[in-house]
Amino acid sequence: MKKISPRERRLVALAGAGILLFALYEFALTPLLEWHDRLGREIPKLREDLRTARRVQRRYGRLDGEVREIQERLDRRAREFNPHDFLSTLARREGILQNLEDIKVDSSQVDERYREEIASVKLRKVSLGRLVSYLYGIENSGHLLTVKELQIKPDGADSLLMDVSFDASTFRRIEEGEAAPAPPKRARPGRR
């Protein structure tokens, strides 16, 4: 380095400084700028994801509260609640007991804590007004009954009357020591 003239030393120093600046730009500044640009693109998406997560959290909180309220209502409901008796009593109150052809109650275990009870109801020759009143009474009884699979057919003799069948479903907490319902017996093929 001592044999190099001052002019060449300045050129070497300038070239070294240029290489150093290039290395700083390429290996420090460029990645930093790319990281900044990427953050600029990702932050709005992450903010939207955060808003979505908060909406989901609020919805989950509402649904969890509703589930807890339903479980509490099921626990408070009388243990001896019987869908068959309730539906018969309601039919008498609505003036359609004579139209009530059949109520069959089946029960199936939903999970380790609850059993679903489904009452299949058949009504014959009932008017639309009385049917609506009966269904409204079921849905709004406070016994957590829900009408499912409603089928309405006009009565052949009188077009103002209808034949109706539907399922009314409710849930019941399984008591300790209570056995699961036996599966329905099926006829074996080939035997009579």
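Computed from a prediction, not measured in an experiment: that's the story for all the values here.

Observations concerning a nonpolar patch on the surface
A cluster of nonpolar side chains, Tyr25, Leu29, Leu32, Leu33 and Trp35, forms an exposed patch at the surface whose accessible area comes to about 510 Å². Its location among the elements puts Trp35 in helix α1 (residues 6-76).

Focus on the nonpolar core
Core analysis: the largest hydrophobic core is formed by 22 residues, its most contacted members being Leu87, Val121, Leu123, Tyr134, Ile138 and Phe166. Counting only elements with at least two residues in this core, the list comes to α2 (83-93), β1 (100-109), β2 (114-127), α3 (128-139) and β4 (161-173). Non-local contacts of Val121, meaning those with residues more than four positions away in its chain, are made with Leu87, Leu100, Asp102, Ile103, Tyr134, Val164, Ser165 and Phe166.

Examining the confidence of the model for the chain
When pLDDT is averaged across the chain, the result is 84; 90% of the residues are at 70 or more. Of the regions scoring below 50 in pLDDT, residues 182-192 engages in 0 contacts with residues more than four places distant in sequence or in other chains.

A closer look at unusual backbone geometry
The residue Leu144 is not glycine, and still its phi comes out positive at about 60 degrees. Counting through the fold element by element, Leu144 comes out in the loop between α3 and β3 (146-154). The backbone of Glu149 sits at a positive phi, close to 50 degrees, despite the residue not being glycine. Relative to the helices and strands, Glu149 is located in strand β3.

Thresholds, definitions, all that
Every residue gets a number counted from 1 within its own chain, in the order that chain's sequence is written. In keeping with the predicted nature of the model, local features appear solely for residues at pLDDT of at least 70, side-chain atom pairs appear and are counted solely at 80 or more, and the whole-chain, interface and lining totals rest on all residues. Each side-chain value is worked out from all heavy atoms of the structure, with water and hydrogens disregarded. Patch membership requires more than 30% relative accessible area and the absence of a salt bridge. Residues of like charge join within 9 Å; the nonpolar side chains Val, Leu, Ile, Met, Phe, Trp and Tyr join within 5 Å. Each accessible area value is a Shrake-Rupley result obtained with a 1.4 Å probe; residue values ignore everything except the protein chains displayed when judging cover. For this analysis, a salt bridge means a side-chain nitrogen from Lys or Arg found within 4 Å of a carboxyl oxygen belonging to Asp or Glu. Secondary structure follows DSSP: runs of H or I at least 4 residues long count as helices, runs of E at least 2 residues long count as strands, and numbering of each begins at the N terminus. Residues enter a nonpolar core if they are buried and are Ala, Val, Leu, Ile, Met, Phe, Trp, Tyr or Cys, with the set joined through side-chain atoms within 4.5 Å. Burial classification: accessible surface area is computed with a 1.4 Å probe over protein chains only, and a residue below 20% of its type maximum counts as buried, one above 50% as exposed, and the rest as partly exposed. Two residues qualify as a contact provided that any one of their heavy atoms is within 4.5 Å of a heavy atom in the partner residue. How sure the predictor is of each residue is captured by pLDDT, a score from 0 to 100.

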